[in-house]
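For reference, the chains in residue letters:
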Amino acid sequence: MIVRTERPLNLESPSAALDSFLTPNDAFFVRSHHGAPAVGLRPWEVVVEGLVDRPLKLSLAELGAMEPTTVPAVLQCAGNGRGLFRPRMPGLVWERGAVGHAEWSGVRLAALLEKAGVKPEAAHLHFIGGDVPPTTKAPPFIRSIPLARAQADDVLIALKMNGEPLPVLHGGPARLVVPGWGGNAWIKWVRRIVVSAEEAQTFYMQTGYRIPREPVPPGQTPDPKSLVPVEWMNVKSLITSPDLGATAPLGPIEVRGVAWTGEGHVVKVEVSTVEDPTWREAELLDEPRQGSWRRFKIAWTPPAAGSYTLQARATDSKSQVQPEVPPWNKSGYLWNGYDRVPCVVSRA
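Every value quoted in this text rests on a predicted model; they were computed, and no experiment measured them. (Residues numbered from 1 in each chain as written. Predicted model: local features only at pLDDT ≥ 70, side-chain atom pairs only at ≥ 80, totals over all residues. Heavy atoms only, no water.)

**So, the sheet that holds strand β18 (residues 266–273)**
Okay, step 1: Across the sheet, which stays open at both edges, the five strands sit in the order β16-β23-β22-β18-β19 with mixed pairing between neighbours. Each edge of the open sheet is held by one strand with a lone partner, namely β16 (246–249) and β19 (280–281).
Okay, step 2: Pairing of β16 with strand β23 (residues 339–346) involves four bridges; the strand directions are parallel. Directly across from A248, in β23, lies its bridge partner V345. (Pairing = 2+ DSSP bridges. Helix = DSSP H or I, 4+ residues; strand = E, 2+ residues; numbered from the N terminus.)

Structure follows, in structure tokens:
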């Protein structure tokens, strides 16, 4: 793992860890704002309150006794790729590996809301986790999602990850899973769900994790009124083999990777090199499914020994095409430029 910060712990996955349909739990990137809470000091409960007819207080055993659901979904930090933007901006310098794909198992959030009975004026759900800011000056990490998204069949309170109890570093024992949305919405260590008529008025909702509705020139500060919350991810691909800076003998080389998007699903991935930007369509694997990634592969035969830079771009079912360079934003969110991997081809 690539250590981005130790306190709080932020770990980036190397490319090799992403060269599979499911990312192993112990190689899955870790994003922390305040650090993991002490989860074993008392029994964990998830409370549903606010604009509901029947407030709930559910133990893990009670959640586990409800009808289970499993969804494969990509979790990606909204800032994945921040280190690739120019000009640079402050924040965690994620490059390519603040992303992973897992099978998340738990309870449909809609089932909890149905059990609680949502009042007609409800429009948003606020999520409060068990993590505590390190100082009184630091804001708590509280965010909200619209009720309409919360009621979708694929949105879960997850208790398991890849068939195992949800690890503490990944939000265990209970976290929100919102397939297709950035990881900023996937609240970890969920303790309270507050049903409300309004969006959360917290720092991480009204100031953090907001992006210009329309692109602004690089380096320019947008009007705060033009900012909207980061929600759906954009279309993106990642070359997982060969690895960055790899050396391979002259001859056919299998180029592999993964591609995903937010709303919709990936329908095409193309691969070329910077030296010869003639795009060739790769073979797509896995079933097309919103929120899930698809693997791709293609055979590439370099014309001669030397240095090359492979590049990939994806297209999704909403006709979004991965751009060469994405629009700049001052927080470094949602980088999805062509994925480029330098490599060296040696003479056999």
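Moving on, there is more to tell.
**A word on the nonpolar core**
Okay, step 1: Of all hydrophobic cores here, the largest spans 57 residues; its most connected members are W104, L109, L125, F127, L176 and I193.
Okay, step 2: Top contributing element to this core by residue count: strand β9 (residues 156–161), with five residues.
Okay, step 3: Judged by nonpolar contacts, the second largest core, of 20 residues, contains A248, A259, Y308 and A312. (Core = buried A, V, L, I, M, F, W, Y, C linked by side-chain atoms within 4.5 Å. Buried < 20%, exposed > 50% of the residue type's maximum accessible area, 1.4 Å probe, protein only.)

**With respect to the packing of aromatic side chains**
Okay, step 1: Tallied over the full model, the rule gives 14 aromatic pairs.
Okay, step 2: Ring plane angle 65° and centroid distance 6.0 Å describe the contact between W181 and W232, whose orientation is recorded as edge-to-face. Of this pair, W181 sits in the loop between β11 (175–177) and β12 (190–196) while W232 sits in the loop between β14 (227–229) and β15 (236–241); the two residues are 51 residues apart in sequence, bridging distant segments of the chain.
Okay, step 3: For W181, a relative accessible area of 4% gives the class buried.
Okay, step 4: Residue class for W232 comes out partly exposed when judged on its relative accessible area of 27%.
Okay, step 5: Plain terms: the ring middles of W260 and W293 are 5.8 Å apart, the flat faces sit at 40° to each other, and that makes the pair tilted. With W260 in strand β17 (residues 253–260) and W293 in the loop between β20 (283–284) and β21 (294–300), this pair connects stretches of sequence that are 33 residues apart. (Phe/Tyr/Trp six-rings, centres within 6.5 Å; stacked < 30°, edge-to-face > 60°.)

**Thoughts on the environment of L147**
Okay, step 1: Of note, L147 is situated in helix α3 (residues 147–150).
Okay, step 2: A relative accessible area of 11% means that L147 is categorised as buried.
Okay, step 3: Sequence-distant contacts of L147, that is, excluding residues within four places in its chain, are made with L113, V118, A122, A123, H124 and L125. (Contact = heavy atoms within 4.5 Å.)

**Some details on the environment of W260**
Okay, step 1: Classification of W260 by relative accessible area gives buried; the value is 0%.
Okay, step 2: Along the backbone, W260 and A73 are 187 residues apart, and their C-alpha atoms lie at a distance of 9.5 Å.
Okay, step 3: Those residues within four positions of W260 in sequence are excluded, and the remaining contacts are V74, Q76, V99, M233, N234, V235, K236, L238, V266, S292 and W293.

**Section: the side chain of N329**
Okay, step 1: In this structure, N329 sits in the loop between β22 (306–316) and β23.
Okay, step 2: Relative accessible area serves as the criterion here: at 3%, N329 is assigned to the buried category.
Okay, step 3: A polar atom in the side chain of N329 sits 2.9 Å from the backbone nitrogen of Y333.
Okay, step 4: With near-sequence residues (within four places) excluded, N329 lies in contact with F85, M89, I211 and P212. (Polar contact = N/O pair within 3.5 Å; in protein donor to acceptor, adjacent residues only side chain to side chain.)

**Examining the pattern of salt bridges**
Okay, step 1: This model, assessed by the stated rule, comprises 12 salt bridges.
Okay, step 2: One salt bridge in this structure joins R295 and D286, with 2.7 Å as the shortest N-O distance.
Okay, step 3: Using a relative accessible area of 21% as the deciding quantity, one classes D286 as partly exposed.
Okay, step 4: Where salt bridges share partners, they join D19, E254 and R256 into one cluster. (Salt bridge = Lys/Arg side-chain N within 4 Å of Asp/Glu carboxyl O.)

**Notes on the pairing of strand β4 (residues 56–59)**
Successive residues of a regular strand alternate their side chains across the two faces of the sheet.
Okay, step 1: Only one face of β4 is covered, namely the face carrying L56 and L58; the face carrying K57 and S59 is uncovered.
Okay, step 2: Of the pairings in the sheet, the one linking strand β3 (residues 45–50) to β4 comprises four bridges and is antiparallel in character. Counted as the bridge partner of V48 is L56 from β4.
Okay, step 3: In this antiparallel pair of consecutive strands, β3 and β4, the connection spans five residues.

**Here's the deal with helix α2 (residues 109–116)**
Okay, step 1: Those residues of α2 that sit buried are L109, A110, L112, L113 and A116. Buried residues of α2, seen end-on, are gathered within an arc of 160° and therefore sit on one face of the element.
Okay, step 2: Following α2 by one or two positions, G117 has its phi on the positive side, about 75°. (Arc of directions from axis to C-beta.)

**Remarks on the side chain of N10**
Okay, step 1: Mapped onto the secondary structure, N10 falls in strand β2 (residues 10–12).
Okay, step 2: A residue is classified by how much of its surface remains accessible, and N10, at 1% relative accessible area, is buried.

**A closer look at the sheet that holds β3**
Okay, step 1: Spatially, the five strands line up as an open sheet ordered β4-β3-β12-β7-β8, and their pairing is mixed. Two strands in the sheet have a free side with no partner beyond their single neighbour: β4 and β8 (142–146). Here the strands of the sheet are splayed against their neighbours by 20° on average, with no regard to which way each runs.
Okay, step 2: For strand β7 (residues 124–129) and β8, the ladder comprises five bridges, and the chain directions are antiparallel. Bridged to H126 within β8 is S144.
Okay, step 3: Its contacts with the sheet put α2 on β3, β4, β7 and β12, and the angle it makes with β4 is roughly 135°. (Axes fitted to C-alpha atoms, helices over the stretch in contact; angles between N-to-C directions.)

In short, the description is geometric, and any link to function would need to be established separately.
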